[in-house]
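Single-letter residue listing:
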Amino acid sequence: MARNRIGLNVDDLDIYLQIFEQYGKNIKEFTEEALIKSKDLVNTKLEKDTTASNYPAKGKYESKSQILKNSIDNDYSVVWAGDEAEIKIGYDFKKSGLVSIFNMYGTPNMKPAKKIKNDIYGPKTMKEVKELQNELIKEFLGLDSFFF
Amino acid sequence: MDEILIELLESFGYPIYRQGSLTEAYPDTFFTFWNSEEVEHSAYDNNTSNITHNFDVNVYSTDIDVCIGLLEQARQLLKVNNWIIGIRGYDIASDEITHVGKGMQVYFLEQN
């Protein structure tokens, strides 16, 4: 899976898949719902943290046009490849251009913007997404939270 | 872990800088790196067992062929030294119009 994508990452998925089948629940419907909510989680962080104070040099060299903030990816299409689904996260390069690359990876003269990079790729975000998806699957199937 | 990475990259004979620390004119070809994160994965008996060290490794050059070739050589050297290649390559931005840049994301799993 490409780095700027989120897929389904649920513990014990193989067991849940059997429950989906037994209960006649729609795994595709759940997957899309989970990925959309996962993207919401990431976008909420980006909306909050895409501010000059989190840019290199506190945004001293940033334009006032808020290019980066306005390029947060808001396309919630879920893309399927066979049985696997993914959704894009991060910034829309067509809108951000090089600004997102400058901030995500830095340059020899400029450090990467750690906070906003971590909002997309950091272990804390990935953990929160996984926890969210684990809760969502139990809710979707109507399972007690202590089932597993 | 920074020192181990630097030592490996130094073997190519080009300057190495931490990303964002270059304050002089760009050399013709050089490496930069950035330690994105160090993540503890498991613990036993109150001690951390596994740590993942996550780095960006970048090559900048006035010559695109050198840039691509050097990144590939660095990739192979790191693999031979037990580094894991997470993302093998992507374009990165340069401050100077004279240089192109390519980067990769690498990991090292430290087991205690």
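Keep in mind that this is a model prediction, so the values were computed, not measured. (Residues numbered from 1 in each chain as written. Chains lettered and ligands numbered in written order. Predicted model: local features only at pLDDT ≥ 70, side-chain atom pairs only at ≥ 80, totals over all residues. Heavy atoms only, no water.)

**Quick notes on the confidence of the model for chain A**
Per-residue confidence for chain A gives a mean pLDDT of 86; residues scoring 70 or more make up 88%. The least confident element of chain A is helix α4 (residues 98–105) of chain A, whose mean pLDDT is 81; the most confident is helix α2 (residues 27–49) of chain A, at 95. (pLDDT = per-residue confidence, 0-100. Helix = DSSP H or I, 4+ residues; strand = E, 2+ residues; numbered from the N terminus.)

**Side note on the nonpolar core**
Membership of the largest hydrophobic core comes to 28 residues, with the highest contact counts inside it found for I6, Y91, M104, I116 and I120 of chain A. Every element with two or more residues in this core is listed here: α2, β3 (84–88), α4 and α5 (114–121) of chain A together with β4 (84–92) of chain B. Residues I16, V59, A74 and I85 of chain B belong to the second largest nonpolar core, which totals 20 residues. (Core = buried A, V, L, I, M, F, W, Y, C linked by side-chain atoms within 4.5 Å. Buried < 20%, exposed > 50% of the residue type's maximum accessible area, 1.4 Å probe, protein only.)

**Notes on the sheet that holds β3 of chain A**
All names here are of chain A. Pairing in this open sheet of 3 strands is antiparallel, and the strands run β1-β3-β2 from one edge to the other. A single partner strand is all that each edge strand has here, and the edge strands are β1 (5–7) and β2 (79–81). Neighbour to neighbour, the strand axes of the sheet diverge by 35 degrees on average, direction disregarded. Pairing of β2 with β3 involves 3 bridges; the strand directions are antiparallel. (Pairing = 2+ DSSP bridges. Axes fitted to C-alpha atoms, helices over the stretch in contact; angles between N-to-C directions.)

**Concerning the pattern of salt bridges**
Residues and elements named next belong to chain A. Considering all chains together, one arrives at 14 salt bridges over all chains under this definition. Across the salt bridge formed by R5 and E86, the nearest N and O atoms sit 3.4 Å from each other. Of this pair, R5 sits in strand β1 while E86 sits in strand β3, and the two are 81 residues apart along the sequence. By relative accessible area, which is 25% here, R5 ends up partly exposed. Owing to a relative accessible area of 21%, E86 belongs among the partly exposed residues under this scheme. (Salt bridge = Lys/Arg side-chain N within 4 Å of Asp/Glu carboxyl O.)

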